[in-house]
Amino acid sequence: MTYWDPVSRHGPEHLARLLADAGAVGAMVVDLPDDQAERWQAAAQDANLSTPRLVQRHVADTGLAAVAAGASGWLYAPASTALTGYRGPLDVPALADFTTRLRAASPLPVVSGVGISTPALAERVAPLVDAVVIGTPVVRALMTAPERVPASTAAFAQALNPYATTETRA
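Residues numbered from 1 in each chain as written. Predicted model: local features only at pLDDT ≥ 70, side-chain atom pairs only at ≥ 80, totals over all residues. Heavy atoms only, no water.

Asks: In this structure, what is going on with the overall build of the chain? I would like to understand it.
Replies: Each helix and strand in the chain was counted, giving nine helices and four strands. Going from the N terminus to the C terminus, the chain shows its helices and strands as α-α-α-β-α-β-α-β-α-β-α-α-α. Over its C-alpha atoms the chain spans a radius of gyration of 17 Å, differing by no more than 12% from the 15 Å that the globule rule assigns to 170 residues. Across its three principal directions, the C-alpha atoms of the chain cover 40 × 35 × 35 Å. Per-residue burial for the chain yields a buried fraction of 41% across its 170 residues. Long-range pairs, those at least 24 residues apart, make up 62% of the contacts in the chain between residues at least 6 apart in sequence. In the form shown here, the chain has an accessible surface area of approximately 9,400 Å², with 57% of it arising from carbon and sulfur atoms. Counting 12 positive and 15 negative side-chain charges, the chain places the averaged centre of each group 7 Å from the other. (Helix = DSSP H or I, 4+ residues; strand = E, 2+ residues; numbered from the N terminus. Rg over C-alpha atoms; globule rule 2.2 N^0.38 Å. Buried < 20%, exposed > 50% of the residue type's maximum accessible area, 1.4 Å probe, protein only. Contact = heavy atoms within 4.5 Å. Areas by Shrake-Rupley, 256 points an atom, 1.4 Å probe, with all protein chains shown as cover. Lys, Arg positive; Asp, Glu negative; His and termini not counted. Charge placed at Lys NZ, Arg CZ, Asp CG, Glu CD.)

And the structure:
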């Protein structure tokens, strides 16, 4: 994941090639401007990178197809409309409705993150999506109590385990 500013500063073509050369298989530009989407997607495609897209809940159904058409890999549906690192309650029914809308607009897998700050929240979100992103809780633990990272990560993995496929358990 990255923001448009570093992509723009380095140039989409150059950054896509750097990422591919480093072994990346995809890159999601979370704030990708609509007027730059084609350029980024072409650069990423030339570098064999997938281009997942973050999709905000406020996008109308008519706009979902356009966003999805420019994505590859997956669609990212934030669990919260708040900023990354949010630690409050989640509107799980709203997320369920949103993922239903996304699935109607695209066959791509739906991934969720943002606001999934506890294993209990991860367990509630997991049945709605194809994958769950846990970032901020791990980063916070690394910054404040690195010794707790293995236990924290294990707690999230355990909460998500009932939703793991046979291949991921093997």
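Now that the structure has been shown, we can carry on.
Asks: What exactly am I supposed to notice about the packing of helix H4 (residues 61–69) against helix H5 (residues 92–105) here?
Replies: Two quantities define a packed helix pair, namely the angle between the axes and the distance from one axis to the other. At a minimum axis separation of 9 Å, H4 and H5 run at an interaxial angle of 60°. With respect to each other, H4 and H5 are oriented oblique. Here the hand of the crossing between H4 and H5 comes out right-handed. Every residue of H5 that contacts H4 at Asp61, Leu64, Ala65 and Ala68 is listed here: Phe98, Arg101, Leu102 and Ala105. (Axes fitted to C-alpha atoms, helices over the stretch in contact; angles between N-to-C directions. Parallel < 35°, antiparallel > 145°, perpendicular 65-115°, else oblique. Left-handed = near helix turned anticlockwise from the far one by under 90°.)

Asks: What is the right way to read the pattern of salt bridges from this model?
Replies: A full pass over the atoms with the stated rule returns six salt bridges. Here Arg39 and Glu13 are joined by a salt bridge, their closest N and O atoms 2.9 Å apart. A residue pair is termed long-range when its members are at least 10 positions apart, and Arg39 in helix H3 (residues 37–46) and Glu13 in helix H2 (residues 12–21) qualify at 26 residues. We classify Glu13 as partly exposed; its relative accessible area is 42%. Between Asp130 and Arg103 there is a salt bridge, with its nearest N and O atoms 3.0 Å apart. Highlighted residues: Asp130 in the loop between helix H6 (119–125) and strand E4 (131–132) and Arg103 in helix H5, separated in sequence by 27 residues. Overall, the relative accessible area of 47% leaves Asp130 in the partly exposed class. In this structure Arg103 comes out as partly exposed when scored by relative accessible area, which is 37%. (Salt bridge = Lys/Arg side-chain N within 4 Å of Asp/Glu carboxyl O.)

Asks: Is there a simple way to explain the side chain of Thr51 in this structure?
Replies: For Thr51, the location among the structural elements is in the loop between H3 and strand E1 (53–54). By relative accessible area, which is 5% here, Thr51 ends up buried. Contact partners of Thr51, with chain neighbours within four places excluded, come to Ala27, Trp40, Gln41, Ala44, Gly70, Ala71 and Ser72.

Asks: Could you clarify how one ought to interpret helix H8 (residues 149–160) in this entry?
Replies: Side chains that are three or four residues apart share a direction in an α-helix, a result of its 3.6 residues per turn. In this model H8 runs 17 Å from its N-terminal to its C-terminal C-alpha over 12 residues, within 8% of the 16 Å that 1.5 Å per residue would give. Within the sequence span of H8, burial applies to Val149, Phe156, Ala159 and Leu160. Viewed along the axis of H8, the buried residues span an arc of 100°, placing them on a single side of the element. In H8, those exposed residues whose orientation departs by more than 90 degrees from the buried face are Pro150, Ala151 and Gln158. Lining the buried residues of H8 we find H6, E4 and helix H7 (136–144). (Expected span 1.5 Å × (residues − 1). Arc of directions from axis to C-beta.)

Asks: Looking at this structure, I do not really get the sheet that holds strand E3 (residues 110–112). What am I missing?
Replies: The strands that make up a sheet pair up through hydrogen bonds in the backbone, lying either parallel or antiparallel. Ordered in space as E1-E2-E3-E4, the four strands form an open sheet in which the pairing is parallel. The sheet is open, and its two borders are formed by E1 and E4, each paired with just one other strand. Relative to strand E2 (residues 75–76), E1 runs parallel, the two being bridged by two bridges. If you follow Leu54 over to E2, its bridge partner there is Tyr76. (Pairing = 2+ DSSP bridges.)

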